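# Coordinates in review
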Amino acid sequence: MAHRPMYCTNDDKDDCTKFDDRVRNGMPFVKTFGLEELFYKHGVDVELWAHEHSYERLWPIYDYKVLNGSYEKPYTNPKAPIHIVTGSAGCKENHNPFGPQKDFCAFRANDYGYTRMQAFNGTHLYFEQVSDDKNGKLIDKFWIVKEKHGYF
């Protein structure tokens, strides 16, 4: 879990909208202290982010490349971390608008709401996005299945 996401499709000019994001790549010019390579190298399955006042679920991604488990089951044995931006719980600043849809985005919503995660066992995680704007309706749900943990 961290505050500023590496990737997003918001249209507010934050770091996550830029190709050379500091969280992802580290400090400019020296390229140190970036987290993306570290998380990928050590097989982090899910990365939860906030900061953007919206909800966004990405396909498994590393270095702007989508690395799904398969076409039919993208979140079963994915080949890269799955990023979830879940900063839609509410604030006085309103929502962050979205820019154009990008290939790495699987689902996005501008509703106020919250994310629920349930770990069923060592291989299965279940996620739901609940919309407060729609009176508690589930607007997104998905499973992550990872049969082997460790390096990608």
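So, here's what we can say about the structure. Computed from a prediction, not measured in an experiment: that's the story for all the values here.

### Here we look at the pattern of salt bridges
Taken as a whole and judged by the stated rule, the model has 7 salt bridges. In this structure, E36 engages R24 in a salt bridge whose closest nitrogen and oxygen atoms are separated by 2.7 Å. With E36 in helix α2 (residues 36–41) and R24 in helix α1 (residues 22–25), this pair connects stretches of sequence that are 12 residues apart. Assigned by exposure class, E36 and R24 land together as buried.

### Some words on the environment of S131
Within the fold, S131 resides in strand β8 (residues 124–131). Considered as a pair, S131 and T115 are 16 residues apart in the sequence and their alpha carbons are 9.0 Å apart. Of the polar contacts made by the side chain of S131, one reaches the backbone nitrogen of K134; its length is 3.0 Å.

### Concerning a nonpolar patch on the surface
Together, M27, F29, V30 and F33 make up an exposed nonpolar region whose accessible area comes to about 560 Å². Within the secondary structure, M27 sits in the loop between α1 and α2. Given a relative accessible area of 38%, M27 falls into the partly exposed group.

### What about unusual backbone geometry?
Its identity is not glycine, yet H51 carries a phi of approximately 65°, on the positive side. Topologically, H51 is positioned in the loop between β1 (46–49) and β2 (55–58). Unlike most non-glycine residues, Y64 shows phi in positive territory, near 65°. Looking at where Y64 falls in the secondary structure, it is placed in the loop between β3 (61–62) and β4 (65–66). Its relative accessible area of 26% is what places Y64 among the partly exposed residues.

### Re the environment of V66
Counting through the fold element by element, V66 comes out in strand β4. For the pair formed by V66 and Q101, sequence separation is 35 residues and the distance between their alpha carbons is 14 Å. When sequence neighbours within four positions are dropped, the list of residues in contact with V66 reads W59, P60, D103 and F104.

### Focus on the side chain of T9
When you line up the elements, T9 lands in the segment before α1. Here E56 takes part through its side chain, which lies 2.6 Å from a polar atom of the side chain of T9. Only 2.7 Å separates the side chain of T9 from the side chain of R108, close enough to count as a polar contact. If we skip the residues at most four places from it in the chain, T9 touches E56, F98, G99, P100, K102, F104, C105 and R108.

Procedures and definitions
- Residues numbered from 1 in each chain as written.
- Predicted model: local features only at pLDDT ≥ 70, side-chain atom pairs only at ≥ 80, totals over all residues.
- Heavy atoms only, no water.
- Salt bridge = Lys/Arg side-chain N within 4 Å of Asp/Glu carboxyl O.
- Helix = DSSP H or I, 4+ residues; strand = E, 2+ residues; numbered from the N terminus.
- Buried < 20%, exposed > 50% of the residue type's maximum accessible area, 1.4 Å probe, protein only.
- Polar contact = N/O pair within 3.5 Å; in protein donor to acceptor, adjacent residues only side chain to side chain.
- Patch = residues over 30% accessible without salt bridge, like charges linked within 9 Å, V, L, I, M, F, W, Y side chains within 5 Å.
- Areas by Shrake-Rupley, 256 points an atom, 1.4 Å probe, with all protein chains shown as cover.
- Contact = heavy atoms within 4.5 Å.

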